[in-house]
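As a plain string of letters, each chain reads:
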Amino acid sequence: MSNATTDRTPATAAADASADGAQGHHGHHGHHVPWLSYLSLAASTSVIGSYVGLSKLLVVVFPVFLLAWLRFGMAAVFMLPWLKRGPTEKPLTGRTRFLLFLESFFGNFLFSICLLFGMKHSSAVVAGVIMAGIPATVALMSWIFLRERIAPRTLFGIAMAVGGIAMVALSKHGDSAGAATSGLGALLLVGAMCCEACYVVIGKHLTADLPPRRISALINLWGLALVTPLGLWQAVDFDFGTVALKDWGLLLFYAIAASTVTVWLWMKGLQHVSAAKAGVFMVFLPISAALIGLIFLGEQMNGIQMLAYALALGGVVLATWPGRAPS
């Protein structure tokens, strides 16, 4: 979400902001199941998983920090109308401004650095298993910082989700299990996992005060500010004339998908779902990436992997299934 997260299409910003704001006042009354929120969270992580391959293509063309800088810059232009405060919104407080900075610092900036450099010093199996721990880390942080009470069934669902994704990593990259993983590499990946969990928990705080559109636009702006020095440093020596038109098109699509659509969908979903439950939807990232590989790249999936994905999806269902039928 973080490293690669967000998208949307602008209807009128003010109308959306007021609609978002109005919606935010309906909590979890009775036994209402927030299906639309679940759908938003699943769609957000599925989109991220589906364009992971796209980011790999772009890293071949652009250096990492330059790519991030261009992505945030393009998205910032696209999201300009979203920066405007809605008629029903209160002015930003110092605390909210600080949370917006932290959301972008952990979710966009630090996550990307930890993940990219961690992957360089780790085997695929270690990276997969560590990143599978995101839902459990989110649950722990939401319990500590948000004082969320997590039902035993939700905890069991989280354990199933983590176990399923870890199994996928082990079965997919079993042959590379012995590949060199330095202590630094593993530590950086644990850092990336914690950054992603921070992104979910801080995002939950923010959705109580701001509509999803404005959160998305403001954290993207912070991402742009944070990465600008590194982006400019790489831009000085980069020959922009060598970039093909199709690569610019891919970059524009990536910017809108990663910095706009997925972030907005995620914040929209977080409005009515606890952070711990939202964290479970991270399993859709590897699942959608696997489906893309299966459908478009001719990749194979073995029985163990299918079982593991079924286990992960079962975890999502268990964690989010309503407790009792409404009276």
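Preceding this section is the structure that the text describes.
Draft legend 1. Spotlight on the environment of Leu 100. Mapped onto the elements, Leu 100 comes out in helix α5 (residues 94-120). Note on Leu 100: relative accessible area 2%, which makes it buried. With 103 residues separating them in the primary sequence, Leu 100 and Gly 203 have C-alpha atoms 8.5 Å apart. In contact with Leu 100, other than residues within four places in its own chain, are Leu 92, Leu 206, Leu 210, Ile 215, Leu 218, Ile 219 and Trp 222.

Draft legend 2. Here's a closer look at the pattern of salt bridges. A complete count under the given rule lists three salt bridges for this structure. A salt bridge links Arg 214 to Glu 89; its shortest N-O distance comes to 2.8 Å. In this pair, Arg 214 is assigned in helix α10 (residues 212-235) and Glu 89 in the loop between α4 (64-78) and α5, connecting sequence segments 125 residues apart. As far as the burial class goes, Arg 214 and Glu 89 line up, both buried. Between Asp 209 and Arg 95 there is a salt bridge whose closest N-O contact spans 3.8 Å.

Draft legend 3. Structural view of the side chain of Asp 247. Along the chain, the position of Asp 247 falls in helix α11 (residues 245-270). Residue class for Asp 247 comes out buried when judged on its relative accessible area of 10%.

About the criteria used
Starting afresh in each chain, residues are numbered from 1 along the sequence in its written order. Selection of residues for local features in this predicted model requires a pLDDT of at least 70, selection of side-chain atom pairs for listing and counting requires 80 or more, and totals for whole chains, interfaces and linings are taken over all residues. Note that the side-chain values use all heavy atoms of the structure and ignore hydrogens as well as water. We count a stretch as a helix when DSSP gives it H or I for four or more residues in a row; a strand needs E for two or more, and each element gets its number in order from the N terminus. Accessibility here uses a 1.4 Å probe with only protein chains present; expressed as a share of the type maximum, an area under 20% marks a residue as buried, one over 50% as exposed, and anything in between as partly exposed. Contacts are assigned to residue pairs with any non-hydrogen atoms lying within 4.5 Å of each other. Criterion for a salt bridge: a side-chain nitrogen of Lys or Arg within 4 Å of a carboxyl oxygen of Asp or Glu.

So yeah, pure geometry; function would need other evidence.
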